[in-house]
Amino acid sequence: MRQIILDTETTGLEPSDGHRIIEIGCIELQDRNFTGNDFHVYLNPQRTIDSNAIAVHGITTDFLADKPIFADIANEFLEYIKDSEIIAHNAPFDIGFLNHEFGLLPKKLIITQYATVIDTLELARKLHPGQRNSLDALCKRYKIDNTKRNLH
């Protein structure tokens, strides 16, 4: 089974407010083993990044000025995720942004046409109801070293 661990960074919290994806990071697993076939790209959002978002991910508008726009990498990304199971923490956020980006292109697509999606936040809430289930809380609970988590 081919699985893709996916995370995005964005200019803000709501695509309906014009916020855009600025980074996509994916790690491929085959039969639950890392393959080394990763996908990573920074994107020029063609807008400024909210200061609250910069405080979270540290990515600036100036850094992204010479990066490709989403339309430039859309086909490559679709080929990468095709026929996979995408795993993301708070998947509705990441998938919502990706669907918004694809909706801005002439050929309107949605991720679930290409891959299935699993939300690890939803799974964590079922396993640990009433507890904090952020990535940091889960790493602490399961004794996972996340000191390098915010590297881009």
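Residues numbered from 1 in each chain as written. Predicted model: local features only at pLDDT ≥ 70, side-chain atom pairs only at ≥ 80, totals over all residues. Heavy atoms only, no water.

A.B. asks: Explain the packing of helix α3 (residues 70-81) against helix α4 (residues 91-103) to me, using residue names and the numbers behind them.
C.D. replies: Describing two packed helices takes the angle between their axes plus the distance from one axis to the other. Two elements in contact, α3 and α4, have axes whose closest approach is 10 Å; the angle formed by their N-to-C orientations is 115 degrees. Crossing geometry of α3 relative to α4 is assigned as left-handed. Contacts from Phe70, Ala74, Phe77 and Leu78 in α3 reach Leu98, Glu101 and Phe102 in α4. (Axes fitted to C-alpha atoms, helices over the stretch in contact; angles between N-to-C directions. Helix = DSSP H or I, 4+ residues; strand = E, 2+ residues; numbered from the N terminus. Left-handed = near helix turned anticlockwise from the far one by under 90°. Contact = heavy atoms within 4.5 Å.)

A.B. asks: Before we move on, can you summarise the environment of Thr120 with the specific residues and values?
C.D. replies: Note that Thr120 resides in helix α5 (residues 120-127). Residue class for Thr120 comes out partly exposed when judged on its relative accessible area of 24%. Between the alpha carbons of Thr120 and Val41 there is a distance of 23 Å; along the sequence they are 79 residues apart. Reaching out from Thr120, the side chain makes a polar contact with the side chain of His89 at a distance of 2.8 Å. (Buried < 20%, exposed > 50% of the residue type's maximum accessible area, 1.4 Å probe, protein only. Polar contact = N/O pair within 3.5 Å; in protein donor to acceptor, adjacent residues only side chain to side chain.)

A.B. asks: I'd like a description of the packing of aromatic side chains, backed by residues and values.
C.D. replies: Summed over the entire model, instances satisfying the criterion amount to 6 aromatic pairs. Between Tyr42 and Phe63, the aromatic rings sit 4.9 Å apart at their centres with planes inclined by 90 degrees, giving edge-to-face as the arrangement. On the criterion of sequence distance, the pair formed by Tyr42 in strand β4 (residues 39-42) and Phe63 in helix α2 (residues 61-64) is long-range, its members being 21 residues apart. What links up through ring pairs into an aromatic cluster is the set Phe39, Phe70, Phe77, Tyr80 and Phe102. (Phe/Tyr/Trp six-rings, centres within 6.5 Å; stacked < 30°, edge-to-face > 60°.)

A.B. asks: Residues and numbers for the nonpolar core, please.
C.D. replies: Counting residues in hydrophobic clusters, the biggest one holds 26 residues, and the most contacted among them are Ile24, Phe70, Phe77, Leu98 and Phe102. Taken together, the elements giving at least two residues each to this core come down to β1 (2-10), β2 (21-30), β4, α3, β5 (84-88) and α4. The dominant element in this core, judged by the number of residues it contributes, is α3, at 7 residues. Sequence-distant contacts of Leu98, that is, excluding residues within four places in its chain, are made with Leu6, Ile21, Ile24, Phe70, Phe77 and Ile111. (Core = buried A, V, L, I, M, F, W, Y, C linked by side-chain atoms within 4.5 Å.)

A.B. asks: Which residues make up the environment of Leu135, and what are the values?
C.D. replies: In this structure, Leu135 sits in helix α6 (residues 135-141). Relative accessible area serves as the criterion here: at 34%, Leu135 is assigned to the partly exposed category.

A.B. asks: Provide a residue-level description of the pattern of salt bridges, including the pertinent values.
C.D. replies: This model, assessed by the stated rule, comprises 5 salt bridges. Residue Glu28 pairs with Arg2 through a salt bridge whose shortest N-O separation is 2.5 Å. With a gap of 26 residues between them, Glu28 in strand β2 and Arg2 in strand β1 connect regions that are remote in the sequence. Using a relative accessible area of 8% as the deciding quantity, one classes Glu28 as buried. Judged by relative accessible area, which is 17%, Arg2 ranks as buried. For Arg47, the salt bridge goes to Asp50, with nearest N and O atoms at 3.7 Å. (Salt bridge = Lys/Arg side-chain N within 4 Å of Asp/Glu carboxyl O.)

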